[in-house]
Amino acid sequence: MASSDAQPYTMKFLCENLRVSKSGFYKWSAGREARLAKIQREYLLVRKIEQIHIGSKQVYGSPTVYGILRILEPDVSQSKVERLMKKSGIRSKTKKKFKVTTDSNHKLKVSPNHLMQDFTAQRINQVWVTDITYVPTKSGWMYLCTVLDTFSRMVVGWTLEDNMRAEMVKKALDKAYRNRGAGEHVIIHSDRGVQYASTLVREFLASKKAIQSMSRKANCWDNAMMESFFGRFKVEHMFWETYQSHDDARSKIFQWIEVEYNRKRAHSALGYISPTKFEEDKMAKAG
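This one's a predicted model, so the numbers in the text were calculated from it and none came from an experiment. (Residues numbered from 1 in each chain as written. Predicted model: local features only at pLDDT ≥ 70, side-chain atom pairs only at ≥ 80, totals over all residues. Heavy atoms only, no water.)

Considering the overall build of the chain
- For the chain, the count of helices and strands is eleven helices and five strands.
- Summarising the internal contacts of the chain: among those between residues at least 6 apart in sequence, 64% fall at separations of at least 24.
- Summed over all atoms, the accessible surface of the chain reaches about 16900 Å², with 53% contributed by carbon and sulfur. (Helix = DSSP H or I, 4+ residues; strand = E, 2+ residues; numbered from the N terminus. Contact = heavy atoms within 4.5 Å. Areas by Shrake-Rupley, 256 points an atom, 1.4 Å probe, with all protein chains shown as cover.)

This is the structure we're talking about:
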């Protein structure tokens, strides 16, 4: 048993037996509070990153997470966000392969490409892009036709049908015109699929005095903004859902497009705000 009057070990004795220098120990000890503070800061940053990531339903990668986080933490760097996400195992959902829906093997008239991959718009209802993609359900295939305003990335019209006939394209475009109250000379760009080249769609667009534009053959980049939207739709929603019926698909897709995408989805090109917020801010600035 140790004596009650035993003296505590001296710093010199401890350092010699632990084989560390006294100056090294004092340096380590002096930096202890700074290290603990750094650990605490990183812990809080990871919690904020998790909140943003979970709020996006685990679809945001480090660039988008960084874009949103820097509003709250102006001093944070993108490399630090990337490092903390990797260290914490926070990853965005990955893409899966998708089915081609475009049938451009026809002899119908093809419109010229008025955009040539320049989707810039100075105002709403100046340039719209549109396309069709597939939606699998337990009750059979469905097809989603969407119309996007390139000014704000807003979905301005869409329809979900159990076929890919020209009527569904006309229906989506008609919804877009009614939703937006659009006037004449809207540039409406699509691929050269048989639905968009049909007499039904051409006559509808002519009645609206729209300017029809089509991609070059087998060039997906000519409609890149629409391809990007469908990529998000599949990765962020469709691949993670099981649609029990056609009605179930309509309900869930409505929720994703009208609420999650249009009103909540942050876009780097819009300054990390949603399409709805972007348009509201532009309207407010314009008085």
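Focus: the packing of aromatic side chains
- One pass over the full model with this rule turns up nine aromatic pairs.
- Geometrically, the ring pair formed by F229 and Y261 is edge-to-face, given 4.9 Å between the ring centres and 85° between the ring planes. Residue F229 is located in helix 9 (residues 224–236), and its partner Y261 is located in helix 10 (residues 246–264); the two are separated by 32 residues in the primary sequence. The same class applies to F229 and to Y261, which are both buried. (Phe/Tyr/Trp six-rings, centres within 6.5 Å; stacked < 30°, edge-to-face > 60°. Buried < 20%, exposed > 50% of the residue type's maximum accessible area, 1.4 Å probe, protein only.)

Regarding unusual backbone geometry
- You will see that H185, though not glycine, has its phi angle at about 65°, which is positive.
- Its place among the elements puts H185 in the loop between helix 6 (166–180) and strand 4 (187–190).

Here we look at the sheet that holds strand 2 (residues 140–149)
- Pairing is mixed across the open sheet formed by five strands, whose spatial order is 3-2-1-4-5. Every other strand in the sheet has two partners, leaving strand 3 (154–161) and strand 5 (211–214) as the edge strands with one partner each. The mean inter-strand angle of the sheet, taken between neighbouring strand axes irrespective of direction, is 25°.
- Sheet topology places strand 1 (residues 127–137) next to strand 4; three bridges connect them, and they run parallel. Bridged to V127 within strand 4 is I187.
- On top of the sheet, helix 6 reaches strand 1, strand 2, strand 3 and strand 4; it is set at about 145° to strand 3, its chief contact. (Pairing = 2+ DSSP bridges. Axes fitted to C-alpha atoms, helices over the stretch in contact; angles between N-to-C directions.)

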